[in-house]
Amino acid sequence: MAGSQADEAFRTEVRGWLEDALSGEFAGLRGSGGPGREHEVFEERLAWHRHLAAANWTCLGWPVEHGGRAATITQQVIFHEEYARANAPRSVNHLGEELLGPTLIEFGTPEQQARFLPKIKAVDELWCQGYSEPGAGSDLAAVSTSARLVDGEWSVTGQKVWTSLAHVADWCFVVARTEPGSTRHHGLSYLLVPMKQPGVEVRPIVQLTGTAEFNEVFFDDARTDESMVVGAVGDGWRVAMATLGFERGISTLANQIGFRRELGAVVDLAKETGAYDDPIVRDKLTRFRVRLDVMRAHAERTLASVTSGTPGTESSVAKLLWAHWHRELGELVMDVAGAPSMVEGPDGLDEWQRMFLFTRADTIYGGSDEVQRNIIAERTLGLPREARG
Ligand SMILES: Cc1cc2nc3c(=O)[nH]c(=O)nc-3n(C[C@H](O)[C@H](O)[C@H](O)COP(=O)(O)OP(=O)(O)OC[C@H]3O[C@@H](n4cnc5c(N)ncnc54)[C@H](O)[C@@H]3O)c2cc1C
């Protein structure tokens, strides 16, 4: 079958499967888990993702030998388009499927791959990302969480912060300093640490939305087996950067494709509230549509090349484009919803208010705006490196 015919057949298959699957017991999950609503129907969304996995619709881009379908970028785009079209629920397994899985495929030992990949694929184990610390965010090389070997196990001590989904995660991929006295990006290792143990305490951080999607995580002599280091001991920086490459690259695809539906919902809201008559709102909605196309074109042109290694400047451009688009959509939705959006209703925040509040974070997580601009300045424009501590 020619490429495009095969892709159209693939689209028909995805569409048909999603329609069936979202008509029965999962029908009520359509549209759940959007921005600022990640706490919604969590157990049900978990069951949905296990259902997807059982039908081989998770980890599409992974190689077949690791449980994926080796789907092309085009097929992955098609899958996410159909997923958004069906208004299927937001993923609960983004960190395992999109960040850690590809990292293990590239850097993990065969034992680590055999131990973890099937459970990520089946959504049997959930992961969180232990990078940021109170003193190490944009400046990740300032990590001070330490790990040392004790009787064949890593003993991990330190604090992580802003750890998304740590409260539901079974495991955490942790950047820790394993070489005492080392500084900056030297002497770090990338460890896989079980969360459900006495040495790990998770404390929720309440966000603007009133819910707690992220947490503080305290490691106090938390243990993991000596074999749970990804890449060489002391070479964790390289592995951590590769994970960031996945985070800023292909993994944003699902999100960006979902944006079209979000814009469509805002247009519908504008018709409902009458905000559509306001020339400024009309102008903005049109501009959002144009920017969406620009973003999409950039993503399609560059995502294929941004699959591993140190995150490239293309992924920084993409991050700036989508983060601003989405954060500003959150602002626009407040204009469109009008005065009632200024107050919380008797049932709490509505979906638009949640969207507005949660999208404030888009320009922070996955690397802040300023950090992306530094990368572009230094690597693309060749400007001198800024002074670093
Ligand atoms: C919703 C959300 C979810 C998150 N989930 C996770 C997670 O699961 N795991 C995890 O490890 N982390 C997570 N983070 C943390 C995120 O990666 C950090 O917040 C981010 O890297 C910024 O670090 P920081 O908060 O320490 O801010 P800082 O690094 O202290 O930055 C403060 C401000 O200074 C600016 N700045 C910093 N350095 C420079 C510089 N060199 N030049 C110019 N300006 C600079 C920044 O852009 C920012 O505006 C999450 C954050 C959010 C908001």
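Reading the values: the criteria
- Residues numbered from 1 in each chain as written.
- Predicted model: local features only at pLDDT ≥ 70, side-chain atom pairs only at ≥ 80, totals over all residues.
- Heavy atoms only, no water.
- Salt bridge = Lys/Arg side-chain N within 4 Å of Asp/Glu carboxyl O.
- Buried < 20%, exposed > 50% of the residue type's maximum accessible area, 1.4 Å probe, protein only.
- Axes fitted to C-alpha atoms, helices over the stretch in contact; angles between N-to-C directions.
- Helix = DSSP H or I, 4+ residues; strand = E, 2+ residues; numbered from the N terminus.
- Parallel < 35°, antiparallel > 145°, perpendicular 65-115°, else oblique.
- Left-handed = near helix turned anticlockwise from the far one by under 90°.
- Contact = heavy atoms within 4.5 Å.
- Nonpolar A, V, L, I, M, F, W, Y, C, P; charged D, E, K, R; others polar.

1. A word on the pattern of salt bridges
Next up, step 1: Counted under the stated rule, the structure contains 27 salt bridges.
Next up, step 2: Ionic pairing is found between E40 and R37, a salt bridge with its closest N-O pair at 2.8 Å.
Next up, step 3: E378 serves as the salt-bridge partner of R385, at 3.9 Å between the closest nitrogen and oxygen.
Next up, step 4: According to the relative accessible area criterion, E378 is buried, its value standing at 17%.
Next up, step 5: Connected through shared salt-bridge partners, E8, R11, R15, E81, E82, R85 and R296 make up one network.

2. Some points on the packing of helix α4 (residues 94-107) against helix α6 (residues 236-248)
Next up, step 1: α6 packs onto α4 with a crossing angle of 130 degrees between their chain directions and a minimal axis gap of 9 Å. Considering their axes alone, α4 and α6 lie oblique with respect to each other. For α4 against α6, the interelement crossing comes out right-handed. Along the contact surface, α4 presents E98, L99, P102, T103, E106 and F107, while α6 presents R238, V239, A242, T243, F246 and E247.
Next up, step 2: Residue composition of the contact of α4 with α6, grouped by class: six nonpolar, two polar and four charged.

The quantities given are spatial measurements derived from coordinates; they are silent on function.
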